[in-house]
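Residue-level structure breakdown
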Amino acid sequence: MTPATRQEVLGLYRRILRIAKTWRSAAGHTEETTREKEYIRNEAKTLFRKNKNVTDPRLIKQCIEECEARIEIGLHYNIPYPRPIHLPPMGLAHKQGRTLRHQEKLRKISKPIYLKSHDEVS
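Residues numbered from 1 in each chain as written. Predicted model: local features only at pLDDT ≥ 70, side-chain atom pairs only at ≥ 80, totals over all residues. Heavy atoms only, no water.

Under an unreviewed UniProt entry, the name given to the protein is LYRM1 protein, and the source organism is Heliornis fulica. Reading the Sequence similarities (unreviewed entry) entry of the UniProt record for the protein gives the comment "Belongs to the complex I LYR family." (UniProt positions renumbered as here; feature names shortened; annotations may be inferred.)

Within the secondary structure layout, I73 lies in helix α3 (residues 57–77). Taking the C-alpha atoms as reference points, I73 and R83, ten residues apart in sequence, are found 8.2 Å from one another. (Helix = DSSP H or I, 4+ residues; strand = E, 2+ residues; numbered from the N terminus.)

Formed by 13 residues in total, the largest nonpolar core has its most connected members in L12, I16, I40, I64, C67 and I71. Of all elements in the fold, only α1 (3–22), α2 (30–50) and α3 reach the threshold of two or more residues within this core. With five residues, α1 is the single largest residue contributor to this core. In this structure, I71 is in contact with L12, R15, I16 and I19, ignoring residues within four places of it in sequence. (Core = buried A, V, L, I, M, F, W, Y, C linked by side-chain atoms within 4.5 Å. Buried < 20%, exposed > 50% of the residue type's maximum accessible area, 1.4 Å probe, protein only. Contact = heavy atoms within 4.5 Å.)

For any two helices packed against each other, one specifies the inter-axial angle together with the distance between the axes. Packing of α1 against α3 brings their axes to within 11 Å, and their N-to-C directions diverge by 25°. The pairing of α1 with α3 is recorded here as roughly parallel in orientation. Like other packed secondary-structure pairs, α1 and α3 cross with a definite hand, here left-handed. Two secondary-structure elements touch here, α1 through T5, E8, V9, L12, R15, I16 and I19 and α3 through I60, I64, C67, E68, I71, E72 and L75. A per-class count over the contact of α1 with α3 returns nine nonpolar, one polar and four charged. (Axes fitted to C-alpha atoms, helices over the stretch in contact; angles between N-to-C directions. Parallel < 35°, antiparallel > 145°, perpendicular 65-115°, else oblique. Left-handed = near helix turned anticlockwise from the far one by under 90°. Nonpolar A, V, L, I, M, F, W, Y, C, P; charged D, E, K, R; others polar.)

Written as structure tokens, this is what we have:
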């Protein structure tokens with residue numbers, strides 16, 4: 001990891017912790033705000049620790065893009081949790097076998113960038 005990339009990653013981590021410190025839930029309830037702040041901190045710790053040994057520059061860039069996307073979506077919608085995708089379950093497959101494998105491939109490709117790591121951790 002280059003020093004510039006390291007600084008970018010550490011800057012994202014600090015930004016997330018600052019967001020968690022000043023976070024207010026959409027409903028405004030104290031207990032909900034506390035729960036969402038804790039979720040933001042735990043999610044950041046978990047994902048940053050999981051990816052600390054990534055050395056491939058392309059994967060590092062993908063992780064940075066995912067982090068930035070989740071930050072922007074969270075701030076825009078005022079929801080710290082990843083937004084779900086709405087695809088019909090097996091809506092494109094008609095038969096079992098190859099078509100089913102093709103359907104699974106399409107679902108994996110269509111997954112938004114901000115959900116790539118969420119399924120692996122949750």
